Each structure stands twice: as C-alpha cells, then as structure tokens.
Amino acid sequence: MKIVLIWLVMVGGSICCLPLLNSANATNHGAHSGPGLIRFEKPMHQGYRLDWCLSWATKCGQPAASEWCKVKSYKKVNSWIPAWNVGGASHTKVFETAQICNQDFCDSFMEITCRSLESGVFFDFLDQAPKANWTSSWQKLPFPGGATDSRGFARYVDNAKLEDNRFYERVLQTHPQWRPHGRIAGRYTNITIPNAGADFRAEIGFLAGASGSDGAYFEIWAEFPNYSGIPLRREYRKNQDGHVINDFSQDLSRFRGLTGTIAITVNAGEKSSAQDWAVWGSPRLVSMKNEFKFGGFVGAAVGSKRQGDRLLNAWGGKSGLLYGNIVMHLAFAESDTGLDLPVQLISYYKGQKMGVTDLGILKANQKTMWRTLSRTQLGRWKEEIIYNGTYVGEIRYNISNIGE
C-alpha cells in the first residue's frame, strides 16, 4: 500500500414585573469567527440577557445555548462562555418559561457561537470516532479510552472547557502515548474523495489547564493505494497558548476520486507528553463542489535527489539514506486568489535554530516549490514553513549517512 502523509451551573432569584431593559453592549448581531461559525456577544432574548438555564434553575449551560442557536436557525451550538452574577445589573430571561431573574446571582452568557449548516460536509470524524482504528506505537487502543492509560487514549469530552475559556458541546480528545515523541493515531477507512476535491476542517487546541504541555503536533494522514504522487507530510505544532485555532484546514483534493483511509494523529513534543490534552472540534470533510478554493500549504517531503517531478528516496528510511545535499519539495493547494506570496523556511537542528531561508515568491496558482539543502550534521532536523508571513506547518526528518 502506498502511504501518503498530509499532513456548568446554577441560577436562582425572584420573579417580578420589570420594565424592558436594554443591556449595554449586548447584541443579537452575529460575527463570523471561522468556517461555518457565527459568534454572538451577550446574547439577548426578548429584550433581556439570555438566562444561563433553559428552564428555571434546570437544564443550564449547553441546553440553553443549544436551543438559542436553533431558534436563530443555526444547525447547533459550537461553544459558549458563561457570564456569572450579572442579573442585578442586566436582568436575564429564562427561555422556556419566560421568567425574569433580577438578582445579582443570576447568570447569563458572555458569548454563544453557533454553527451553521455546511451543505458540503460528507464525513464527520467526531461521529465516526468509535468505528476508527485507534493505535499508539502500533498497539490497538479502545474507544473510548481511559484518561489514565499511559499508552495514550481517545475519547469524547462533553461540555469541554478549552484553553480559550470557552465551553464546547463535544470534542474529540486524542492524548499521545506518555513519553517524548509519543503518538496516537485514529484511522478512518473506506473514505472516497469527491471528484470536486475535499477539504479537512477542524478546530484544534487543548483542554483548559494544560499549562504543563510543551506543545503537540497535529497531523492528517492519508493512505490511498492508487495514489502515485510524491508522499507528503505536514505537521502543525500547537502550543498551549490560550487560543483555539478555529480555521484549521487541509486540502485533500489531490486524492479526488480515490478511496482510502484518512487518519488524524497527535504527536507529543520533544521533551514530554505531560498534559498533551489535545482536542479536535468538529473535524469533518467538506466537498469543494460549491466552495471557493483558497490557496494554502498542503505538505512537504524530503528525499535524496530529484528526477524531473519525482522525488527519489523520499524520507530515507531502511532502503536508503538522507545525507549531504538533500531535496525538499513543497506543495500548495489550488488558488483562485491571484496573489503572489512569499515563502520561508526556519531550520532547526536538535532543537537549535539554524537560520532562515528565503525561498522567494510563490506565484499565483503555482502549486510546487523545490529546494536543495545541505545536511551533513547527523540527527533530527525540522523545518518550519512560513507562508505569507504565517506559520503553516513543519516537516521533521532524520539525517543519516548509513540509512535507517
């Protein structure tokens, strides 16, 4: 088989007759915050702040946020932020019973983000997670796994508080094996990429409190037996920094019309896997049939030589070696933007920064770049890819003069 790597809760209070109050800075006008995401700050209900509970002091948090999104004609709630003890200054209204809570201890929402319907979604990694083949160092793992399993684990987390202090209805946690460079992979089989192409989309981040993590690598694997192109790899390093990336995407259109396996993986950092509480929010595949195709980084590969558009001895491995002058191939997605954008590499050897290489300008609709690099220092290397001034992923490889 050809393997291709592409990379909550209480409220109470008295009820009384109150005049209609306008809560300062509250709005029912949503703002786009990511693919299919609409964010509402201080959501209102019939002139009052939306109460934290769907019914009086019951069904609080997610049920109220979910119902509010549905009434707004959105598919589902994506995330929410509580606003504690606001009822004295900004009275709240209970959705189901229409009761008013006017005490200081009445709670509301600072923000609700709803998810709109994406007509092109044809595969949901979250729903299909129990059917995936979960492994760590080629050990088969159960789903759901236990949070104390040192082999690594995958499981659902509901009403999950993430590092951005938002609560999410359901996320997929994928903790790598408990060691430096530990790994976990979930393989989803028998997926056919539409002839129009497809995009992988997700939110990525960490559960709240993962301050002990030294970062983790999020990666997409694609295994298509009939794919004959250059094997590519892309890893995206995410640190625990208080921000969730809500527009993570990976173009998979090179596999259009093919059927195979797609895997989502997480790799621990160089020092430790401690608190690598990595999560995926709404991981899905979207057909590009009716979608605008934005240019973006797809992946990279290294090999010993270039022969036309072929990369020889890709990744070295047991059949060969990477040493001396090696060749790097960078691939980019289709683009209709018409923009010429700069590309750079930041090189690291055994964790030490070795310099910045300016690769020049990627022309509009250009899909590939080649570069020869000198690598005579044995051991672990990595290249951070900077596209239009933004980190878009990296590639890690080992240099050996005897093969591996």
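Shown above is the structure to which this text applies.
Once a new chain begins, its residue numbering starts again from 1 and follows that chain's sequence as written. Note on the predicted model: pLDDT of at least 70 is required for a residue's local features to be given, and 80 or more for side-chain atom pairs to be given and counted; whole-chain, interface and lining totals, by contrast, use all residues. Just so you know, side-chain values use all the structure's heavy atoms and leave hydrogens and water out.

**Student:** Describe the sheet that holds strand E28 (residues 341–349), listing the residues and the values that go with them.
**Tutor:** Pairing between strands is defined by DSSP: at least two bridges between them are needed. Helix and strand definitions here come from DSSP, where helices need a minimum of 4 consecutive H or I residues and strands a minimum of 2 consecutive E residues; each element is numbered from the N-terminal end. Strand order in the open sheet formed by 4 strands is E29-E28-E31-E32, and the pairing between neighbours is antiparallel. Two strands close off the open sheet at either side, each with one partner strand: strand E29 (352–362) and strand E32 (390–399). Across the sheet, the mean angle from the axis of one strand to that of its neighbour is 20°, orientation sign disregarded. One ladder, built from 7 bridges, connects E28 with strand E31 (residues 379–387); its direction is antiparallel. Bridge pairing links Leu 345 to Ile 385 in E31. An axis is simply a line fitted to the C-alpha atoms; with a helix, the fit covers only the stretch in contact. Between two such axes, the angle follows the N-to-C directions and lies from 0 to 180 degrees.

**Student:** Account for the pattern of salt bridges, naming residues and giving values.
**Tutor:** Here, a salt bridge means any side-chain nitrogen of Lys or Arg that lies within 4 Å of a carboxyl oxygen of Asp or Glu. Taken as a whole and judged by the stated rule, the model has 24 salt bridges. Put simply, Lys 238 and Glu 163 hold a salt bridge, and the shortest N to O gap is 3.1 Å. Highlighted residues: Lys 238 in strand E20 (residues 236–238) and Glu 163 in the loop between strand E15 (153–161) and strand E16 (167–175), separated in sequence by 75 residues. Pair check on accessibility: Lys 238 and Glu 163 agree, each one buried. A salt bridge links Arg 233 to Glu 219; its shortest N-O distance comes to 3.3 Å. Pair noted here: Arg 233 is in the loop between strand E19 (216–223) and E20 and Glu 219 is in strand E19, with a separation of 14 residues, a long-range link. Each member of the pair Arg 233 and Glu 219 is classed as buried. The network of salt bridges with common partners includes Arg 183, Glu 219, Arg 233, Glu 235, Arg 237, Glu 270 and Arg 396. Residue exposure (1.4 Å probe, protein chains only): buried if accessible area is under 20% of the type maximum, exposed if over 50%, otherwise partly exposed.

**Student:** Give me the environment of Gly 389: which residues, what numbers.
**Tutor:** Position of Gly 389 among the secondary structure elements: in the loop between E31 and E32. Along the backbone, Gly 389 and Val 343 are 46 residues apart, and their C-alpha atoms lie at a distance of 7.6 Å.

**Student:** Provide a residue-level description of empty space enclosed by the protein, including the pertinent values.
**Tutor:** Leftover empty space is mapped by rolling, across the atoms, a probe with the size of a water molecule. Each cavity reported here is a set of points on a 1 Å grid over the protein atoms alone in which a 1.4 Å probe fits but cannot get out, each pocket an open set with protein on both sides within 12 Å along at least five of seven lines, and each lining residue one with an atom within 4 Å of a point. Grid points are joined across faces, edges and corners, and a volume is the space filled by probe spheres set on the points. By volume, the largest cavity amounts to about 90 Å³. At 4 residues, the largest contribution of residues to the lining of the largest cavity is made by E16. In this classification, the charged set is Asp, Glu, Lys and Arg, the nonpolar set is Ala, Val, Leu, Ile, Met, Phe, Trp, Tyr, Cys and Pro, and all remaining amino acids, among them Gly, are polar. Grouping the amino acids of the lining of the largest cavity by side-chain chemistry returns 4 nonpolar, 3 polar and 5 charged.

**Student:** Can you lay out the sheet that holds strand E4 (residues 44–45) for me, pointing to particular residues and giving the numbers?
**Tutor:** One open sheet accounts for 4 strands, arranged E4-E5-E9-E10; its pairing is mixed. Both outer strands of the open sheet, E4 and strand E10 (100–101), are each paired with one neighbouring strand and no more. Summarising the sheet, strand E5 (residues 48–50) and strand E9 (residues 92–93) pair through 2 bridges and their orientation is parallel. Across the sheet, residue Leu 50 finds its bridge partner in E9, namely Lys 93.

**Student:** Would you mind going over the pairing of strand E18 (residues 198–206) in detail, with residue names and values included?
**Tutor:** Of all 9 residues making up E18, 9 are buried, and the element is well covered by its neighbours. Here E18 shows two buried faces, one formed by Ala 198, Phe 200, Ala 202, Ile 204 and Phe 206 and the other by Asp 199, Arg 201, Glu 203 and Gly 205. The pairing of E18 with strand E23 (residues 278–287) spans 8 bridges and is classified as antiparallel. Along E23, the bridge assignment pairs Gly 205 with Val 279. As judged from the 5 bridges shared by E18 and strand E21 (residues 245–251), these two strands associate in the antiparallel manner. By the bridge assignment, Phe 200 is partnered in E21 with Gln 250.

**Student:** Which residues make up the pairing of strand E27 (residues 324–332), and what values do they have?
**Tutor:** Here is the key point about a regular strand: its side chains alternate between the two faces of the sheet. Counted residue by residue, E27 has 8 buried out of 9 residues, so it is predominantly covered. Bridging between E27 and strand E30 (residues 368–375) involves 8 bridges; their strand directions are antiparallel. Opposite Met 328, over in E30, you have Arg 371 as the bridge partner.

**Student:** Describe the state of the cysteines, and please don't skip the residues or the numbers.
**Tutor:** A pair of cysteine sulfur atoms is labelled a disulfide when the two atoms are within 2.5 Å. Using the criterion set out here, one finds 3 disulfides in the structure. Bridging Cys 53 to Cys 60, the disulfide has an S-S length of 1.9 Å. On the S-S bond that ties Cys 53 to Cys 60, the torsion sits near 90°, and the link is right-handed. Cys 60 carries the same exposure label as Cys 53, and that label is buried. For the chain, the disulfide bridges join cysteines in the arrangement 1-2, 3-6, 4-5, where the cysteines are counted in sequence order.

**Student:** Quick one: what's the story with unusual backbone geometry, residue by residue and with numbers?
**Tutor:** Here the residue pair Phe 143 and Pro 144 is connected by a cis peptide bond, since its omega of 0° sits within 30 degrees of zero. Relative to the helices and strands, Pro 144 is located in the loop between strand E14 (139–141) and E15. Here the phi dihedral of Ser 73 falls at roughly 70°; this positive angle occurs in a residue that is not glycine. Among the secondary structure elements, Ser 73 is positioned in the loop between helix H1 (62–71) and strand E8 (76–83). Note on Ser 73: relative accessible area 67%, which makes it exposed. A positive phi angle, near 70°, is found at Asn 165, a position not held by glycine. Along the chain, Asn 165 turns up in the loop between E15 and E16. The exposure class of Asn 165 is partly exposed, given its relative accessible area of 44%.

**Student:** Any chance you could break down the packing of aromatic side chains for me, citing the residues and the numbers?
**Tutor:** In summary, the pairing rule links any two rings of Phe, Tyr or Trp, Trp by its six-membered ring, whose centres are within 6.5 Å, and it sorts them by plane angle into stacked for under 30 degrees, edge-to-face for over 60 and tilted for everything else. Counted according to the given criterion, the structure contains 23 aromatic pairs. Their ring planes at 75° and their centres at 5.7 Å tell us that Tyr 236 and Phe 248 sit as a pair that is edge-to-face. Residue Tyr 236 is found in strand E20, and its partner Phe 248 is found in strand E21; the two are separated by 12 residues along the sequence. Like Phe 248, Tyr 236 is buried. Throughout this description, the term charge over a ring refers to an Arg CZ or Lys NZ atom that lies within 6 Å of the ring centre and within 35 degrees of the ring normal. Across the ring face of Trp 221, the terminal group of Arg 187 is positioned such that the distance to the ring centre comes to 5.6 Å. It is Lys 382 that lies over the ring of Tyr 348; its NZ or CZ is 4.9 Å from the centre.

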